[in-house]
Amino acid sequence: MLLVRCPWCGDRDEAEFRYGGQADVDYPADPHQLDDATWGEYLFVRANPAGSFDERWVHTAGCRRWFSVVRDTATNEMRPDIPRRRESR
Amino acid sequence: MTVPQKVESETATTDVATAQRHSPLEHRAAEFERRSASGARGVRLREEPFLTQLDLRTPPGGSSAASVAEALGLPLPAANRATGDEHDAVLWLGPDESLIVAPDGRAESLLRTVREAQRGGSGSVVDVSANRTTLRLSGPMAREVLEKLCSVDLHPRAFGPGDCVQTLLGRVVVVLWQLDREPGYRVMVRCSFAEYLADLLLDAMAEFLDG
Ligand SMILES: [Zn+2]
């Protein structure tokens, strides 16, 4: 079991949360211009690093708010997401 | 095509609805009594039906929040806390969301009060009294019972009167609110999950039934 830190409620059991996948996946500016492969890439393809990963969680059984964390996928260590520019994505 | 009958005046409709309403656990009141225990290792369960509950959304720290708090006569609570007492209280639900709790029959007047206070500002208030019913769990062993079902630390060093969290009991989302040191708790649960939660609690209480 993971202990997940909700920025509002504090440390809670993982069972109170749902996972929201990779953070900061931008919606395409003009989806109609995309071919199927690019649209498919947007919908289904995500980074899969062994290490730091920015991701979304929602505290479904608590305050029901979405938030971002940085999780080390190798150790499951979680720390708060620090807002920063992500121009490279 | 039939023409719908004209709806009666709102007051009359409300009176009829009040007279005919049923709470989710009223048919189990005698069972709760029978399966409660007093004494040094006792724990008691009963339903507190029909509490007035209003969902309040208001940006924290703003002028709207201040005027609502003043109109209610209660400060808006900090995270994981409740203000007020078991009769009139405000429970924290989220960074911009609270639950106003009051005795049965207070919804309309409280809605008016809060909407008046919100006038010109931002925010909303909605009557959600029918969403949840309330279970009162109290007695020396009440914490032991909850600890079988709950992952939040309820030890007095971490949780006490006025603390209030939304969490899971078993597999169901609840608002868990400690009222006093006995300890006594209110567990507010969606009506359709109330039977499941009552079964869980009664099962967890069984070992204390014979002292
Ligand atoms: Zn939370």
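Computed from a predicted structure; not experimentally measured.

> So what about the environment of B:Cys164? Which residues, and what values?
All names here are of chain B. Within the element layout of this structure, cysteine 164 appears in strand β8 (residues 164-169). Cysteine 164 gets classed as buried once you look at its relative accessible area, which sits at 0%. Residues cysteine 164 and glycine 121, 43 residues apart in the sequence, show an inter-C-alpha distance of 27 Å. Here cysteine 164 is in contact with Asn80, Arg81, Ala82, Leu91, Phe159, Val175, Leu176 and Trp177, once residues within four sequence places are set aside.

> So what about a nonpolar patch on the surface? Which residues, and what values?
Taken together, the side chains of A:Tyr27, A:Trp39, A:Leu43, A:Phe44 and A:Val45 define a hydrophobic patch exposed on the protein surface, amounting to about 550 Å² of accessible area. Tracing the backbone through its elements, the reader meets A:Trp39 in helix α1 (residues 36-44).

> Can you lay out the layout of surface pockets for me, pointing to particular residues and giving the numbers?
Residues and elements named next belong to chain B. Roughly 520 Å³ of internal volume is contained in the largest pocket. Contributing to the lining of the largest pocket are 25 residues, with Thr18, Arg21, Asp104, Gly105 and Ser129 lying nearest its centre. Every element with two or more residues in the lining of the largest pocket is listed here: α1 (10-20), β2 (52-57), α4 (107-118) and β7 (132-138). Residue assignment places the lining of the largest pocket across two domains, with domain 1 (24-49 + 131-211) and domain 2 (51-128) each supplying three or more.

> Quick one: what's the story with the pairing of strand β1 (residues 44-47) of chain B, residue by residue and with numbers?
Residue and element names in this part refer to chain B. Across the two faces of β1 the burial differs, with Leu45 and Glu47 buried and Arg44 and Arg46 not buried at all. By the bridge criterion, four bridges tie β1 to β7 in an arrangement that is antiparallel. When the bridges of β7 are listed, arginine 46 appears paired with arginine 136.

About the cut-offs
Residues numbered from 1 in each chain as written. Chains lettered and ligands numbered in written order. Predicted model: local features only at pLDDT ≥ 70, side-chain atom pairs only at ≥ 80, totals over all residues. Heavy atoms only, no water. Helix = DSSP H or I, 4+ residues; strand = E, 2+ residues; numbered from the N terminus. Buried < 20%, exposed > 50% of the residue type's maximum accessible area, 1.4 Å probe, protein only. Contact = heavy atoms within 4.5 Å. Patch = residues over 30% accessible without salt bridge, like charges linked within 9 Å, V, L, I, M, F, W, Y side chains within 5 Å. Areas by Shrake-Rupley, 256 points an atom, 1.4 Å probe, with all protein chains shown as cover. Salt bridge = Lys/Arg side-chain N within 4 Å of Asp/Glu carboxyl O. 1 Å grid on protein atoms, 1.4 Å probe; cavity = no way out; pocket = protein on both sides within 12 Å on 5 of 7 lines; lining within 4 Å. Points joined across faces, edges and corners; volume = space filled by probe spheres on them. Domains from an automatic or database assignment. Pairing = 2+ DSSP bridges.

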